[in-house]
Amino acid sequence: VSSQKFLPLLKPEADMSSSGSDFFIKLLGKKLLKESKEVETKAVVNEADYVAIYLSAHWCPPCRRFTPAFAEAYKAIEKKGGKKLATIFVSCDKTEKAFQEYFGTMPWHAVPFSAKDYIGFGSKAGKHLNCTGIPTLAIFDKEGKMLERSGTGLVMERGADFLKMLDPKEKAKIAKEDMEKLFIAMDANGDGYVDPTEIKEAFDSLGAPAEITTVEVQTLMTRDADGDGKLSKAEFTVAEYSVNGRSAGWLGNAIISNREAMARKKKAAEEAKKFKADADKLKGSSAFFNKLLGDKLLIGDKEVDTKSVVGDKDYVAIYMSAHWCGPCRGFTPEFVKVYNEIQSAGKEKFATIFVSCDRNDGAFKEYFKTMPWHAVPFSAKEYVGFESLAGKYLNCEGIPMLAVFDSKGNLKSSEAVRSVMEHRAGFLAKL
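This structure is a prediction, so every number in the text was calculated from the model and none was measured.

(A) Layout of the packing of aromatic side chains. Here the structure, examined in full by the defined rule, presents 36 aromatic pairs. A centroid spacing of 5.0 Å and a plane angle of 85° characterise the contact between Phe 23 and Phe 24, whose relative ring orientation is edge-to-face. Given a relative accessible area of 3%, Phe 23 falls into the buried group. Aromatic side chains Tyr 319 and Phe 335 sit 5.7 Å apart centroid to centroid with 70° between the ring planes, which places their arrangement in the edge-to-face category. Note that Tyr 319 is positioned in strand 16 (residues 315–321) and Phe 335 in helix 14 (residues 326–345), a separation of 16 residues in sequence. For Tyr 319, a relative accessible area of 0% puts it in the buried group. According to the relative accessible area criterion, Phe 335 is buried, its value standing at 0%. Grouping aromatic residues by their ring pairs yields a cluster made of Tyr 319, Phe 331, Phe 335, Tyr 339, Phe 350, Phe 354, Phe 364, Tyr 367, Phe 368, Trp 373, Phe 378 and Phe 427. Here the basic side chain of Lys 94 rests over the ring of Trp 59, its NZ or CZ set 5.1 Å away from the ring centre.

Here is the structure:
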């Protein structure tokens, strides 16, 4: 994904017939930066087997997402040894401060921000690449021959192995392996053939629009040389294949990953269904809430028995929330006011138990300090998070979630957040 900034089409510089270091000097200038040290462009290029020009900017979210992934791949390449990759950052930032901050996260070289002819969309490199969107990563051999214009996709798909795709023989080998991987992924029934139904199901699992799925089924079935309505491995892998820039390897991995995720989801649903049935057998006693929340709860830093908290209550609310969640932080102060009003009025005996979906104990404690009710201890791992027993029972897929039960464990509402905001302290009467 790139952040687009459309410009009039820019013609490449007239004289780009040079090769080697002279070519890169014309694109990038004579001097580069490595951290705060100035170095000769010629020296950087001459030591490399490949030269990557990276147009990017701190203000661009896709760039900020891509840069850490590229930095990880770049460091792995350096650590491994072998073919050497020089990378030069051409900033499209608006200020030197932004450039310095962003460049500080990068392990490679950069064109100095003061070299105005060599930075930005209108830089010499930008014009040569006709760059209209960032991040742009173009990879050259050391003589200046462009090997790859869309390097960002290669990095995201291949990681530190992306340089292999620049070698024609290695690329052909990988392409063959990718096609074999895609064949295995699409051969859902394992009979050694891929038919139109299996192709359709594979694309459906990726969420592809119907019109794309139809076209791709037709495209792949043109490989049916013997006309039997299905593709053997030899027919399927006869040539490379990609969809919207996604390689066969990426497609195969995505299909397998989605299939595994669906299997996990199905298994989790079956386990949740069984747990819910077992828990429902305990309705009418405090053991029901112990099943969902554990035997111990916290009030402040004091531990108490769950039974003592829920035993005499008219209503018990389970509040699934997290400090990292913006809507949760917006709702919690409002719910605190409502909770305190209900307690002051004394009409209903009402308990609330916080089930944290936070990522660490520190965040849990900071957030729990703002709450006047009880909480499941963060150390009770079976009872906290989306995958907690309460979360399974409630099929919690989003937070904040406020589920209210009556004293016998009957679920009155699993969507009480809206009711609290609409009816305030009177929300229990509306359930």
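Read on for the rest.
(B) Highlighting the sheet that holds strand 5 (residues 85–91). One open sheet holds the 7 strands; their spatial order is 3-2-6-5-4-8-9, and the pairing between them is mixed. Sheet topology places strand 3 (37–40) and strand 9 (146–148) at the edges, where each strand pairs with a single neighbour. Bridge analysis of strand 2 (residues 31–34) against strand 3 gives 4 bridges, and the strand direction is antiparallel. Note on strand 3: the bridge partner recorded for Lys 31 is Glu 40. Strands in contact with helix 3 (residues 61–80) are strand 4 (50–56), strand 5 and strand 8 (136–141); relative to strand 4, the strand with the most contacts, it is inclined by about 160°. Those strands touched by helix 4 (residues 96–103) are strand 2, strand 4, strand 5 and strand 6 (109–110), and its axis lies near 155° from that of strand 5.

(C) The layout of surface pockets, seen in detail. As a volume, the largest pocket reaches approximately 1,100 Å³. Considering the residues around the largest pocket, the lining is formed by 37 residues, among which Ser 150, Thr 152, Gly 153, Leu 154 and Gly 245 are closest to the centre. For the lining of the largest pocket, the elements supplying multiple residues, two or more each, are helix 3, strand 8, strand 9, helix 6 (151–158), helix 7 (168–186) and strand 13 (246–247). Broken down by element, the residue count for the lining of the largest pocket peaks at 7 residues, all from helix 6. Of the residues in the lining of the largest pocket, the class split is 15 nonpolar, 13 polar and 9 charged.

(D) Spotlight on the confidence of the model for the protein chain. For the protein chain, per-residue confidence averages 93 on the pLDDT scale, and residues scoring 70 or more make up 96% of the total. Counting interchain partners and residues more than four positions distant, the pLDDT-below-50 stretch residues 1–15 has 30 contacts.

(E) Broad picture of the pattern of salt bridges. Throughout the structure, instances matching the rule amount to 14 salt bridges. For Glu 40, the salt bridge goes to Lys 31, with nearest N and O atoms at 2.5 Å. For Asp 278, the salt bridge goes to Lys 281, with nearest N and O atoms at 3.9 Å. Under the relative-accessibility criterion, Asp 278 is labelled partly exposed at 25%. On the accessibility criterion, Lys 281 (66% relative accessible area) is exposed. Each of Glu 157, Arg 158 and Asp 178 takes part in salt bridges that share partners, so that together they form one network.

(F) Representation of the side chain of Asp 178 in the model. In this fold, Asp 178 is placed in helix 7. Reaching out from Asp 178, the side chain makes a polar contact with the side chain of Arg 158 at a distance of 2.4 Å. The residues touching Asp 178, leaving out its near neighbours within four places in the chain, are Arg 158, Ser 247, Ala 248 and Gly 249.

(G) Helix 4, seen in detail. For helix 4, the set of buried residues is Ala 98, Phe 99, Tyr 102 and Phe 103. Projected onto a plane normal to the axis of helix 4, the buried residues spread over an arc of 125° and lie on a single side. Along its buried surface, helix 4 packs onto strand 2, strand 4, helix 3, strand 5 and strand 6.

(H) Layout of the pairing of strand 17 (residues 350–356). Burial runs high along strand 17: 7 of the 7 residues are buried. Residues of strand 17 alternate between two faces, with Phe 350, Thr 352, Phe 354 and Ser 356 on one and Ala 351, Ile 353 and Val 355 on the opposite face, all of them buried. Note: strand 17 against strand 18 (residues 374–375), 2 bridges, orientation parallel. Residue pairing in the sheet places Phe 354 in a bridge with Ala 375 of strand 18.

Criteria and cut-off values
Residues numbered from 1 in each chain as written. Predicted model: local features only at pLDDT ≥ 70, side-chain atom pairs only at ≥ 80, totals over all residues. Heavy atoms only, no water. Phe/Tyr/Trp six-rings, centres within 6.5 Å; stacked < 30°, edge-to-face > 60°. Buried < 20%, exposed > 50% of the residue type's maximum accessible area, 1.4 Å probe, protein only. Helix = DSSP H or I, 4+ residues; strand = E, 2+ residues; numbered from the N terminus. Lys NZ or Arg CZ within 6 Å of the ring centre and 35° of its normal. Pairing = 2+ DSSP bridges. Contact = heavy atoms within 4.5 Å. Axes fitted to C-alpha atoms, helices over the stretch in contact; angles between N-to-C directions. 1 Å grid on protein atoms, 1.4 Å probe; cavity = no way out; pocket = protein on both sides within 12 Å on 5 of 7 lines; lining within 4 Å. Points joined across faces, edges and corners; volume = space filled by probe spheres on them. Nonpolar A, V, L, I, M, F, W, Y, C, P; charged D, E, K, R; others polar. pLDDT = per-residue confidence, 0-100. Salt bridge = Lys/Arg side-chain N within 4 Å of Asp/Glu carboxyl O. Polar contact = N/O pair within 3.5 Å; in protein donor to acceptor, adjacent residues only side chain to side chain. Arc of directions from axis to C-beta.

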